[in-house]
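Chains, contacts and geometry: an overview
Each chain is listed here by its residues.
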Amino acid sequence: AMLFGNAIVCSRFAGVSEIITHNINGFIVDPYDTRKLSKYLEQLLRNPILLERMKKQAKLRIQEFNPQNSAIFFSKIIEKIAPNE
């Protein structure tokens, strides 16, 4: 969703919440707090400027996770786990 420039509303228990910056590129919510969830959704529906800002920020953030950067990241992890002997 972020790759296509969508603002994100996700559970604080979801893995993607690690790359969401609350109120910058999306909202992180407690899925059991339905009032806050509906409040955040309403903010996005009623505030097109906020929505557009979050969409742009989401697209920028996800670009960090391109295949080249991911390969570099995993190479570093592998090197720490199993260094060349």
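The following paragraphs examine the structure supplied in this document.

Basis of the calculations
- Residues numbered from 1 in each chain as written.
- Predicted model: local features only at pLDDT ≥ 70, side-chain atom pairs only at ≥ 80, totals over all residues.
- Heavy atoms only, no water.
- Helix = DSSP H or I, 4+ residues; strand = E, 2+ residues; numbered from the N terminus.
- Buried < 20%, exposed > 50% of the residue type's maximum accessible area, 1.4 Å probe, protein only.
- Salt bridge = Lys/Arg side-chain N within 4 Å of Asp/Glu carboxyl O.

As a further point, take unusual backbone geometry. In this model, Asn23 sits at a positive phi of 70 degrees, which is unusual for a non-glycine residue. Note on placement: Asn23 falls in the loop between strand 1 (8-11) and strand 2 (26-29). Assessed through its relative accessible area of 35%, Asn23 is described here as partly exposed.

With that settled, the discussion passes to the pattern of salt bridges. Enumeration over the complete set of coordinates arrives at four salt bridges. A salt bridge links Arg12 to Asp30; its shortest N-O distance comes to 3.5 Å. Within this pair, whereas Arg12 is found in the loop between strand 1 and strand 2, its partner Asp30 is found in the loop between strand 2 and helix 1 (34-46), the two being separated by 18 residues in sequence. What makes Arg12 partly exposed here is its relative accessible area of 46%. By relative accessible area, Asp30 is classed as partly exposed at 27%. For Glu42, the salt bridge identified is with Arg46, shortest N-O distance 2.7 Å. Here Arg46 and Glu42 lie together in helix 1, a separation of four residues that amounts to about one turn.

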